[in-house]
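# Understanding the architecture of this molecule
The residues making up each chain are set out below.
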Amino acid sequence: MKSRTERAAWKENLLEQLARLGGEGRAAAEFLRTHKTYIGFWRVRKNVGAFWTFLGTIHLNSFYYSTETGTDSIGMLTLLIHEVKHLQQGLLLALSVYGEMEAWQLQFRLYHQLTGKPMHPAIAELMSLPLAYDRAVLRRARDLMQAYAGKGYRADLLPLFPLGKEIKYWLRRN
């Protein structure tokens, strides 16, 4: 376990690397600094790379990441941008398939721009979907997320739309 000083230095180095990724990276690093966001590690299901909390913290899955992970890891940095997007979205948007789709598309667009690696077929299809309040598109996005991450990635528990829009949809539909 690293000391508090070593962890602070690691986080600062992480934020500097994040800011080097371009506009999205700079915006994410600024958000994390401004909000003094805690970034920690927690072991969770293998289907989850990282997660945000209601307290405004971000935890990277310790199954994959630790302070020993290079702060220049493109996978970790783009995953961090994904989680920052959720904190920026707010609770209701972040806890929807629409919010997940927005964060996944941001993360994987950046990842593939920076690495040039070929996309997994499920990610390639997800990237081709329009980000829209369209139930058929969001159902397909949810299926593709689970095809990529596995059924343990519980996007199927999320409403398709943010909760307020979801309630309006069901009230008007019936």
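Our structure's up above, just so we're on the same page.
Residues numbered from 1 in each chain as written. Predicted model: local features only at pLDDT ≥ 70, side-chain atom pairs only at ≥ 80, totals over all residues. Heavy atoms only, no water.

## Considering the pairing of strand S3 (residues 58-61)
Of the two faces of S3, the one lined by Ile58 and Leu60 and the one lined by His59 and Asn61 are each fully buried. Taken together, the four bridges between strand S1 (residues 39-42) and S3 define a ladder with parallel strand orientation. The residue bridging Ile39 from the neighbouring strand is Ile58, located in S3. (Buried < 20%, exposed > 50% of the residue type's maximum accessible area, 1.4 Å probe, protein only. Helix = DSSP H or I, 4+ residues; strand = E, 2+ residues; numbered from the N terminus. Pairing = 2+ DSSP bridges.)

## A few points about helix H7 (residues 135-149)
Across its 15 residues, H7 extends 21 Å between first and last C-alpha, which sits within 8% of the 21 Å expected from 1.5 Å per residue. The set of residues buried in H7 consists of Arg135, Val137, Leu138, Ala141, Arg142, Leu144, Met145 and Gln146. Buried residues in H7 make contact with helix H5 (97-115), helix H6 (121-128) and helix H8 (163-173). Where H7 begins, the side chain of Asp134 points an oxygen toward the backbone nitrogen of Ala136, at a separation of 2.9 Å. A positive phi of about 100 degrees marks Gly150, the residue just after H7. (Expected span 1.5 Å × (residues − 1). Contact = heavy atoms within 4.5 Å. Polar contact = N/O pair within 3.5 Å; in protein donor to acceptor, adjacent residues only side chain to side chain.)

## Points about the nonpolar core
In this structure, Leu14, Leu18, Leu32, Leu60, Leu80 and Ile81 are the most contacted members of the largest nonpolar core, which totals 26 residues. Those elements that place two or more of their residues in this core are helix H1 (4-19), helix H2 (23-34), S1, strand S2 (50-52), S3, helix H3 (74-89) and H5. It is H3 that provides the largest number of residues to this core, a total of seven residues. Filtering out sequence-adjacent residues up to four positions away, Leu14 remains in contact with Ile39, Thr71, Met76, Leu77 and Leu80. By size, the runner-up hydrophobic cluster in this structure holds 20 residues, among which are Ala122, Ala141, Tyr153 and Leu160. (Core = buried A, V, L, I, M, F, W, Y, C linked by side-chain atoms within 4.5 Å.)

## As for the side chain of His112
Relative to the assigned elements, His112 resides in helix H5. Its relative accessible area of 13% is what places His112 among the buried residues. With residues up to four places along the chain from it excluded, the contact list for His112 reads Lys117, Pro118, Met119 and Ile123.

## Regarding H2
Helical geometry: 3.6 residues make up each α-helical turn, so side chains three or four residues apart lie on a common side. With twelve residues, H2 ought to run about 16 Å at 1.5 Å a step, and its terminal C-alpha atoms sit 16 Å apart, in line with that. Gly25, Ala28, Ala29, Phe31 and Leu32 are the residues of H2 that are buried. Seen from one end, H2 has its buried residues packed into an arc of 160 degrees, which puts them on one side. Where H2 is buried, its residues meet H1, S1, S3 and H3. In the segment just after H2, Lys36 is the residue with positive phi, at about 50 degrees. (Arc of directions from axis to C-beta.)

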